[in-house]
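Residues per chain are reported as follows:
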Amino acid sequence: MKAVLGAATSGACSGASTSLVNDVSSPYGTLGEPVARSGWAWVGEIAQWASLLVDLGWSWAALAVIVGWAVDLRSSRNGRAWARAAAGGVAALVAALMAHYGMDSLLENAPFDMYWPEIRQWAAVSLLFGPLLGVAGACANRPGIPKTLPWS
């Protein structure tokens, strides 16, 4: 339970920060507009580069892999450890997704319901790939190439 809660917390922080970086990077964003018109315009330029990095699919996938890696696998033959890694991957991605669109809703002053079609789409992707990515991260804790497979 602690692993899934920690994964969800990590995911929520990641999703909210991604939304904030995206908003600051845009000169039309709620936070980005004042930044662009002030002496702090260089922050917006740096945020544009950061936005390019955090909005890519690999960075969201890396979140699930890192969470799976962080799961304690001292007893690597324990089936529950793999289940915790898989659940952690899903929890991190779903929490990141909800926090991202929740922060977008707050920053854009838009109703959260507006995002449901996108949320459903990405939640399905998270449920499909989250367990695989979480277990892949957990496998990284095992020494040697042959031992990275769950069945070895």
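What you are looking at is a predicted structure, and each value in this text was computed from that prediction instead of being measured.

**Looking at the overall build of the chain**
Step number 1: Counting its secondary structure elements, the chain contains 6 helices and 0 strands.
Step number 2: In the chain, which comprises 152 residues, the share counted as buried stands at 36%.
Step number 3: Expressed as a percentage of contacts within the chain between residues at least 6 apart in sequence, the contacts between residues at least 24 apart total 64%.
Step number 4: Element-wise, carbon and sulfur atoms account for 70% of the exposed surface of the chain, whose accessible area totals about 9000 Å².

**What about helix 3 (residues 41–54)?**
Step number 1: Relative to the 20 Å expected for 14 residues at 1.5 Å per residue, helix 3 spans 20 Å between its end C-alpha atoms, a close match to the ideal helical length.
Step number 2: Taken together, the buried positions of helix 3 are occupied by Gly44, Ala47 and Ser51. Projected onto a plane normal to the axis of helix 3, the buried residues spread over an arc of 55 degrees and lie on a single side. Facing away from the buried side of helix 3 by more than 90 degrees, the exposed set consists of Glu45, Ile46, Trp49 and Leu52.

**Thoughts on the packing of aromatic side chains**
Given two aromatic rings, their pairing is described by the distance between the two centres and the angle made by the two planes.
Step number 1: Tallying each qualifying case throughout the model produces 2 aromatic pairs.
Step number 2: Ring centres of Tyr101 and Tyr115 lie 5.3 Å apart, and the angle between their planes is 35 degrees; this geometry places the pair in the tilted category. With Tyr101 in helix 5 (residues 79–108) and Tyr115 in the loop between helix 5 and helix 6 (116–139), the pair connects residues that are 14 residues apart, well separated along the chain.
Step number 3: The exposure class of Tyr101 is buried, given its relative accessible area of 8%.
Step number 4: Take Tyr115: its relative accessible area is 6%, and that puts it in the buried class.
Step number 5: Summarising the aromatic geometry, the rings of Phe112 and Trp116 are spaced 5.7 Å apart at their centres and angled 80 degrees between planes, so their arrangement reads as edge-to-face.
Step number 6: When its relative accessible area of 33% is taken as the criterion, Trp116 is described as partly exposed.

**Some words on the packing of helix 4 (residues 57–70) against helix 6**
Step number 1: Put simply, helix 4 and helix 6 touch, their axes get as near as 6 Å, and they point 50 degrees apart. Classed by the angle they form, the pair helix 4 and helix 6 counts as oblique. Every pair of crossing elements has a handedness; the one defined by helix 4 and helix 6 is right-handed. Between helix 4 and helix 6, the contacting residues are Ala61, Ala64, Val65, Gly68 and Trp69 on the first element and Leu133, Gly134, Gly137 and Ala138 on the second.
Step number 2: By residue class, the composition of the contact of helix 4 with helix 6 is 6 nonpolar, 3 polar and no charged.

**Thoughts on the packing of helix 1 (residues 2–25) against helix 3**
Step number 1: Interaxial distance between helix 1 and helix 3 falls to 8 Å at its minimum, and their mutual angle equals 135 degrees. For the element pair helix 1 / helix 3, the angle class is oblique. Of the two possible hands of crossing, helix 1 and helix 3 adopt the one that is left-handed. Between helix 1 and helix 3, the contacting residues are Thr18, Val21, Asn22, Val24 and Ser25 on the first element and Val43, Gly44, Ala47, Gln48, Ala50, Ser51 and Val54 on the second.
Step number 2: Taken together, the residues that form the contact of helix 1 with helix 3 break down as 6 nonpolar, 6 polar and no charged.

**Some thoughts on a nonpolar patch on the surface**
Step number 1: The grouping of Trp122, Val125, Leu128, Phe129 and Leu132 at the surface amounts to a nonpolar patch, some 490 Å² of accessible area in total.
Step number 2: Turning to its location among the elements, Leu132 is positioned in helix 6.

Reading the values: the criteria
Throughout, residues of each chain are indexed from 1 in the direction in which the sequence is written. Only residues with pLDDT of at least 70 are given local features in this predicted model, and only at 80 or more are side-chain atom pairs given and counted; all residues enter the totals for whole chains, interfaces and linings. Processing note: side-chain calculations cover all non-hydrogen atoms of the structure and skip hydrogens and water entirely. What counts as a helix is a DSSP run of H or I of at least four residues, what counts as a strand is a run of E of at least two, and both are numbered from the N terminus. Working definition: with a 1.4 Å probe on protein chains only, accessible area under 20% of the residue-type maximum means buried, over 50% means exposed, and in between means partly exposed. It only takes one pair of heavy atoms within 4.5 Å for two residues to be counted as in contact. For accessible areas, the Shrake-Rupley method is used with a probe of radius 1.4 Å. Any residue's cover is judged against the shown protein chains and nothing else. The span you would expect from a helix comes to 1.5 Å times its residue count less one. Along the arc lie the directions from the helix axis toward the C-beta atoms. For Phe, Tyr and Trp, where Trp contributes only its six-membered ring, two rings pair if their centres lie within 6.5 Å, and the inter-plane angle classes them as stacked under 30 degrees, edge-to-face over 60, or tilted in between. Between N-to-C directions, angles span 0 to 180 degrees; the directions come from axes that are lines fitted to C-alpha atoms, helices contributing only their stretch in contact. The cut-offs work like this: below 35 degrees is roughly parallel, past 145 is roughly antiparallel, 65 to 115 is roughly perpendicular, and the gaps in between are oblique. Crossings are assigned a handedness: left-handed for a near helix turned anticlockwise from the far helix by less than a right angle, right-handed for a clockwise turn. All residues other than Ala, Val, Leu, Ile, Met, Phe, Trp, Tyr, Cys, Pro, Asp, Glu, Lys and Arg, Gly among them, are scored as polar; the first ten of these are nonpolar and the last four charged. For patch building, the residue pool is restricted to those with more than 30% relative accessible area and no salt bridge; the joining distance is 9 Å between like charges and 5 Å between nonpolar side chains (Val, Leu, Ile, Met, Phe, Trp, Tyr). Definition used for salt bridges: Asp or Glu carboxyl oxygen within 4 Å of a side-chain nitrogen of Lys or Arg.

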